[in-house]
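Letter by letter, the chains look like this.
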Amino acid sequence: MGSFVDFKCKFCRYEEYGIGVGRGKAEMPFLSLYRCNHCHTIGSTWIHEGKIPRCSNCYDDAISILPDDARRVSCPKCGEPAVITPKEGSWD
Ligand SMILES: [Zn+2]
Ligand SMILES: [Zn+2]
């Protein structure tokens, strides 16, 4: 089952709520957290085997995939340390 996370930067107040991550019923594809170096957002995107993952916002491939259990990440907007918190609920 996949889950959801929230991203929050207290420095510039950039926030993203309810980002879906993880695996559903199938092993592939799965949703992975990323930070986009092009449009400077945090989000999740589907990882397909043999395909380059792209930002789900701007479709650029200049993204850094983050581990599902990442809890600290530098904010894509201001570069300050921001937090990722797991959220209740699941998807499959
Ligand atoms: Zn920030
Ligand atoms: Zn982007």
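See above for the structure.
These notes cover the structure that comes with them. (Residues numbered from 1 in each chain as written. Chains lettered and ligands numbered in written order. Predicted model: local features only at pLDDT ≥ 70, side-chain atom pairs only at ≥ 80, totals over all residues.)

1. Focus: the overall build of the protein
When its secondary structure is counted, the protein shows 0 helices and 7 strands. A compact globule built from 92 residues should have a C-alpha radius of gyration of about 12 Å, and the protein, at 13 Å, falls within 12% of that. Dimensions of the protein along its principal axes, counting C-alpha atoms only, are 40 × 30 × 15 Å. Put simply, the protein has 92 residues, and 21% of those count as buried. (Helix = DSSP H or I, 4+ residues; strand = E, 2+ residues; numbered from the N terminus. Rg over C-alpha atoms; globule rule 2.2 N^0.38 Å. Buried ≥ 20, exposed ≤ 12 C-beta atoms within 10 Å, placed from the backbone.)

2. Considering the sheet that holds strand E2 (residues 15–21)
An order of E2-E1-E7-E6 is seen for the 4 strands of this open sheet, with the pairing classed as antiparallel. Across the chains shown, the open sheet's two edge strands, defined by having one partner strand only, are E2 and strand E6 (72–74). Averaged over all neighbouring strand pairs, the angle between strand axes comes to 35°, with direction disregarded. The sheet contact formed by strand E1 (residues 2–8) and E2 spans 5 bridges and is antiparallel. Each bridged residue has a counterpart across the sheet, and for valine 5 the counterpart in E2 is isoleucine 19. (Pairing = 2+ DSSP bridges. Axes fitted to C-alpha atoms, helices over the stretch in contact; angles between N-to-C directions.)

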